[in-house]
Amino acid sequence: MSLEHYNKILQNFLQSKVIFKCDNKILKTGKLKLFNVKQYFIKFYIETDKGESKILELPYPFSIDYTDAGRCTLNYKVSSLCNNTQPVIGKLKTCKINSSHKIYDNVVSLISLN
């Protein structure tokens, strides 16, 4: 997918109160003020209910889906990277991964509360 496609989807959430969730755990919540895609990361600038500015930096997802119900999923699953090719998925999952990042092989949901 192109960068323009990602920008178009994420622009739907600007100036909205949002929740970022992964594995039913809230990563961040607040008003999405701005986002910036740079190299391999997306930075989300969020204003909390207390008026504080927070930044959530996530790697560029393998795929992104948007529903008209104000929900977007950033897919980091290994299966979405290699189009469900079982031998490739098996090899990738058996690799020693030094990173135990919470979004590895997971999905992050961006939910609009407006």
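The notes below deal with the structure included here. What you see is a predicted model; the values in this text were computed from it and never measured. (Residues numbered from 1 in each chain as written. Predicted model: local features only at pLDDT ≥ 70, side-chain atom pairs only at ≥ 80, totals over all residues. Heavy atoms only, no water.)

Examining the nonpolar core
- Counting 22 residues, the largest nonpolar core has Phe20, Phe44, Leu58, Leu74 and Val108 as the members making the most contacts within it.
- For this core, the secondary-structure elements that each account for two or more residues are helix H1 (3-11), strand S1 (17-22), strand S2 (25-38), strand S3 (41-47), strand S4 (53-59), strand S6 (71-75) and strand S7 (107-112).
- Residues in contact with Leu74, not counting those within four places in the same chain, are Phe44, Leu58, Pro61, Ser63, Ile64, Asn106, Val107 and Val108. (Core = buried A, V, L, I, M, F, W, Y, C linked by side-chain atoms within 4.5 Å. Buried < 20%, exposed > 50% of the residue type's maximum accessible area, 1.4 Å probe, protein only. Helix = DSSP H or I, 4+ residues; strand = E, 2+ residues; numbered from the N terminus. Contact = heavy atoms within 4.5 Å.)

Focus on unusual backbone geometry
- Of note in this structure, Gln15 is not a glycine but carries a positive phi near 65°.
- Along the chain, Gln15 turns up in the loop between H1 and S1.
- Unusually for a residue other than glycine, Asp23 sits at a positive phi of about 55°.

Description of the pattern of salt bridges
- A complete count under the given rule lists two salt bridges for this structure.
- Note that Lys17 and Asp49 form a salt bridge whose closest N and O atoms lie 2.9 Å from each other. Of this pair, Lys17 sits in strand S1 while Asp49 sits in the loop between S3 and S4, and the two are 32 residues apart along the sequence.
- Its relative accessible area of 29% is what places Lys17 among the partly exposed residues. (Salt bridge = Lys/Arg side-chain N within 4 Å of Asp/Glu carboxyl O.)

Looking at the sheet that holds S1
- Read from one edge of the open sheet, seven strands run S4-S3-S2-S1-S7-S6-S5, paired in antiparallel fashion. Each end of this open sheet is capped by a strand with a single partner; those strands are S4 and strand S5 (63-67). Sheet twist, expressed as the average angle between the axes of neighbouring strands with direction ignored, equals 35°. (Pairing = 2+ DSSP bridges. Axes fitted to C-alpha atoms, helices over the stretch in contact; angles between N-to-C directions.)

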